[in-house]
Amino acid sequence: MQRKTLPGLDGIRLAAILWIVLYHYGVETAAAGVFSPPFFTSRACAALVQGAVFWMTALSGACLGLKYAAAPWRPAEYVKSRFLAIYPLFWLFFFPLFLYSDVLHHNNAGVAPWRLVFSVLGVDGFVQPWTPTFYKIGEWYLGCQILLYCLFPLLLFAWRSRAGRGVMAACVLLVWGLSPFVTPQGVDVFHTVCGQLPAFAAGAAFGRALAAPQRAGRRPWAASGALLAAAGLGALARLPAYHLYSLAALGLFWPALQLGQLMRGRAAAAAHRAARLCYGVYLIHHVGITLVLAPRLQALQAGPALWCAGLAACLAGSFAAAWVGQRLVGLALRPGKKRTAAR
């Protein structure tokens, strides 16, 4: 059976990853002392990039909520699908960098070798604030995402009954409300599992609404309106930035998704192909900026024209590397597929 694609999900994935790449390019070139629009160091830019990350988290929940609203829950299939979606491409990008940086050039020589296990598990960026690791790619978000995937079965179990849904909603609201106030000093709640869990759970609820739009009716629109109204009231009440950004991002998630659903034909097909590369782009773009583009632009004393050319090279190179990586992973996982088909 051919899997149905939803242009709205592809549109959100592309919008989020493109903004994150642009943000990282802007701040890293600014840190290198070359031209970069001052907007990238502004509070408005920080709000937008946090909103983009909330969209990515909600999107992950939405894809799982959509899938398992219609498909039966099979633990082995779930673990296999998450493993194949995350680790082969991550390992393909990570280990060449590890060999170059840590084996050939002896970087991180003081880090105990056993800590490589954090990298193998994909959580090295997430745990780095607490312990030294061999972190190269994936940042904090990948480890956070993996842990959220571990929690998804609990959300799915809660959806089986009305009481379970009520308890889950109460727990998520409690986590959302209290997290900024109970997070240890010096730790940004935005970078924690508790900080991302409400977006993940809300995305899963939106995904279930996508699976049964007639049954969901106008409830997703009502929820979006309530979230945006709460964001407005929260701004007046001067709630913490975490609350405001999460409310606004989740309130805009469903309208943005429905706007993306208007894509048709070649536009939808192109967006789908590009969206399939976004995970690889996320993994590789930052290291490309810091190791290749920013030093080169600094050496050239780049101005606005070269900065724009570098951005184009960043996007093109990231998507090209993601495409190559995806092809290599596909060949490694299905080496006999073409030979079998030819027979």
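Our structure's up above, just so we're on the same page.
Caption draft 1: Spotlight on the overall build of the protein. Looking only at helices and strands, the protein features 15 helices and zero strands. Relative to the compact-globule value of 20 Å for 343 residues, the protein shows a C-alpha radius of gyration of 21 Å, a close match. Dimensions of the protein, computed from the C-alpha atoms along their principal axes, are close to 65 × 60 × 45 Å. Across the 343 residues that make up the protein, the buried fraction comes to 45%.

Caption draft 2: Broad picture of the packing of aromatic side chains. Throughout the structure, instances matching the rule amount to 29 aromatic pairs. Ring centres 6.4 Å apart and planes at 65° place the aromatic pair tyrosine 149 and phenylalanine 200 in the edge-to-face group. Of the two residues, tyrosine 149 is situated in helix α6 (residues 139–158) and phenylalanine 200 in helix α8 (residues 193–211); the sequence distance between them amounts to 51 residues. Classification of tyrosine 149 by relative accessible area gives buried; the value is 12%. Positioned over the ring face of tyrosine 149 is arginine 82, at 5.0 Å from the centre of the ring.

Caption draft 3: Main features of helix α14 (residues 304–333). Its 30 residues give α14 an end-to-end C-alpha distance of 43 Å, which sits within 8% of 44 Å, the value for a rise of 1.5 Å per residue. For α14, the full list of buried residues reads Trp307, Gly310, Leu311, Cys314, Ser318, Phe319, Ala322, Gly325, Val329 and Gly330. Contacts made by the buried residues of α14 are with α1 (7–31), α3 (75–104), α12 (265–275) and α13 (278–299).

Caption draft 4: Spotlight on the nonpolar core. In terms of nonpolar packing, the biggest core is built from 98 residues, with Tyr25, Ile137, Phe152, Phe253 and Leu283 touching the most fellow members. Sequence-distant contacts of tyrosine 25, that is, excluding residues within four places in its chain, are made with Ile289, Leu293, Leu297, Leu306, Trp307, Gly310, Leu311 and Cys314.

Caption draft 5: Spotlight on the pattern of salt bridges. By the definition in use, this model includes three salt bridges. Between arginine 13 and aspartate 10 there is a salt bridge whose closest N-O contact spans 4.0 Å. Placement of both arginine 13 and aspartate 10 in helix α1 is noted, with a separation of three residues, approximately one turn of the helix. Assessed through its relative accessible area of 26%, arginine 13 is described here as partly exposed. Aspartate 102 serves as the salt-bridge partner of lysine 136, at 2.5 Å between the closest nitrogen and oxygen. Taken together, the residues span a long stretch of sequence, with lysine 136 in the loop between α5 (124–127) and α6 and aspartate 102 in helix α3 at a distance of 34 residues. The class for lysine 136 is buried, based on a relative accessible area of 16%. Residue classification places aspartate 102 among the buried residues on the basis of a relative accessible area of 9%.

What counts and what doesn't
Residues numbered from 1 in each chain as written. Predicted model: local features only at pLDDT ≥ 70, side-chain atom pairs only at ≥ 80, totals over all residues. Heavy atoms only, no water. Helix = DSSP H or I, 4+ residues; strand = E, 2+ residues; numbered from the N terminus. Rg over C-alpha atoms; globule rule 2.2 N^0.38 Å. Buried < 20%, exposed > 50% of the residue type's maximum accessible area, 1.4 Å probe, protein only. Phe/Tyr/Trp six-rings, centres within 6.5 Å; stacked < 30°, edge-to-face > 60°. Lys NZ or Arg CZ within 6 Å of the ring centre and 35° of its normal. Expected span 1.5 Å × (residues − 1). Contact = heavy atoms within 4.5 Å. Core = buried A, V, L, I, M, F, W, Y, C linked by side-chain atoms within 4.5 Å. Salt bridge = Lys/Arg side-chain N within 4 Å of Asp/Glu carboxyl O.

Nothing here speaks to function; it is geometry throughout.
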